[in-house]
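Architecture at a glance
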Amino acid sequence: MVIKTREKLIEVARQLFAYKGIENTTMNDIANASEKGRRTIYTYFKNKKEIYNAVIEQESELSVSKLREIITLNITPVEKLRRFLEVRFDIIKDSNLGQNDPLRRFIMRDIKRVEKIRRLALEKEREILNAIIEEGILFGFFDKNQCENFESLRLMVVQGVDFSYIRDNFLEIGIDKDRLINNIIDFIIKGLKL
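Residues numbered from 1 in each chain as written. Predicted model: local features only at pLDDT ≥ 70, side-chain atom pairs only at ≥ 80, totals over all residues. Heavy atoms only, no water.

1. Some remarks on the overall build of the protein chain
Helix and strand counts for the protein chain come out as nine helices and zero strands. Per-residue burial for the protein chain yields a buried fraction of 40% across its 194 residues. Sequence separation of at least 24 residues holds for 68% of the intrachain contacts in the protein chain that already meet a minimum separation of 6. (Helix = DSSP H or I, 4+ residues; strand = E, 2+ residues; numbered from the N terminus. Buried < 20%, exposed > 50% of the residue type's maximum accessible area, 1.4 Å probe, protein only. Contact = heavy atoms within 4.5 Å.)

Next up, the structure:
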């Protein structure tokens, strides 16, 4: 019950923030829309900023939940890495297509909000990717030295692709998106394998 109430408050706040904006949404609005009293809201959140942070956390969690599932699959670390990269690039593609979502449009208008979600998501992604890579090193699929070098390269490659999806400039620079993604995935995997 406690988790359901908290989740309901977060979802109601998410919708209100999307339609009214954070500044124009009050705690009373959240209470009325959730059919909960203000006391109930204050049981879970000290203020509107805490609710907003919970919405941001939920958004970042949604973007990495599919990645987290990959760790549990009964496949080789190489296949996990391939799947991780494919899903990761699909998330970026899908988030760009999700511009019709009112909250996404609202969030995209404020670069600080976007960066906060991205930082949270990138930290979680990094933990998942590190688990896959460590498993690959442990079982002799990946070269340890190459994996250590990969960390800085990974950030640049992923951010470069993210940026191109956000700008949707693949055609402008003469690159087929899907082919580029496949080439990047193949390149990374070949570079890490023993």
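And the narrative resumes.
2. A few points about helix 9 (residues 177-192)
For helix 9, with 16 residues, the first-to-last C-alpha span of 23 Å sits near the 22 Å given by 1.5 Å per residue. Within helix 9 the residues assigned to the buried category are Ile181, Ile184, Ile185, Ile188, Ile189 and Leu192. Down the axis of helix 9, the buried side of the element spans an arc of 120 degrees, and every buried residue falls inside it. Counted as exposed and oriented over 90 degrees from the buried face of helix 9: Arg179, Phe187 and Lys190. (Expected span 1.5 Å × (residues − 1). Arc of directions from axis to C-beta.)

3. Overview of the confidence of the model for the protein chain
Caution applies to low-pLDDT regions: their predicted coordinates should not be interpreted in detail. Overall, the prediction assigns the protein chain a mean pLDDT of 84, with 87% of residues at 70 or greater. When the elements of the protein chain are averaged for pLDDT, helix 6 (residues 102-108) gives the smallest value, 56, and helix 2 (residues 27-34) the largest, 94. (pLDDT = per-residue confidence, 0-100.)

4. Section: the nonpolar core
Ranked by internal contacts, the top residues of the largest apolar core, which has 28 residues, are Leu67, Leu81, Phe84, Leu85, Phe89, Ile188 and Leu192. Secondary-structure elements contributing two or more residues to this core are helix 4 (48-71), helix 5 (77-97), helix 7 (111-138), helix 8 (144-167) and helix 9. With eight residues, helix 5 is the single largest residue contributor to this core. Leaving out residues up to four positions away in the same chain, Leu85 has contacts with Ile185 and Ile188. Within the second largest apolar cluster, 18 residues are counted, among which are Val12, Ile30, Val55 and Ile117. (Core = buried A, V, L, I, M, F, W, Y, C linked by side-chain atoms within 4.5 Å.)

5. Re unusual backbone geometry
Apart from glycine, the bulk of residues carry a negative phi angle, and the bulk of peptide bonds sit in the trans form. We note that Glu35 has phi near 60 degrees; this positive angle belongs to a residue other than glycine. For Glu35, the position within the fold is in the loop between helix 2 and helix 3 (38-44).

6. Here's the deal with helix 2
Listed in full, the buried residues belonging to helix 2 are Met27, Ile30, Ala31 and Ser34. Viewed along the axis of helix 2, the buried residues span an arc of 100 degrees, placing them on a single side of the element.

7. Quick look at the environment of Thr43
Within the secondary structure, Thr43 is located in helix 3. Here the alpha-carbon distance between Thr43 and Arg6, two residues 37 residues apart in the chain, equals 9.3 Å. Among the polar contacts listed, one links the side chain of Thr43 to the backbone oxygen of Arg39, at a separation of 2.8 Å. (Polar contact = N/O pair within 3.5 Å; in protein donor to acceptor, adjacent residues only side chain to side chain.)

8. Re the side chain of Lys124
Of note, Lys124 is situated in helix 7. Here the side chain of Lys124 touches Glu57 through a polar contact of 2.5 Å, side chain to side chain. Among the polar contacts made by the side chain of Lys124, one reaches the side chain of Glu61 at a distance of 3.0 Å. Residues contacting Lys124, with those up to four places away along its chain left out, are Glu57, Ser60, Glu61, Val64 and Arg68.

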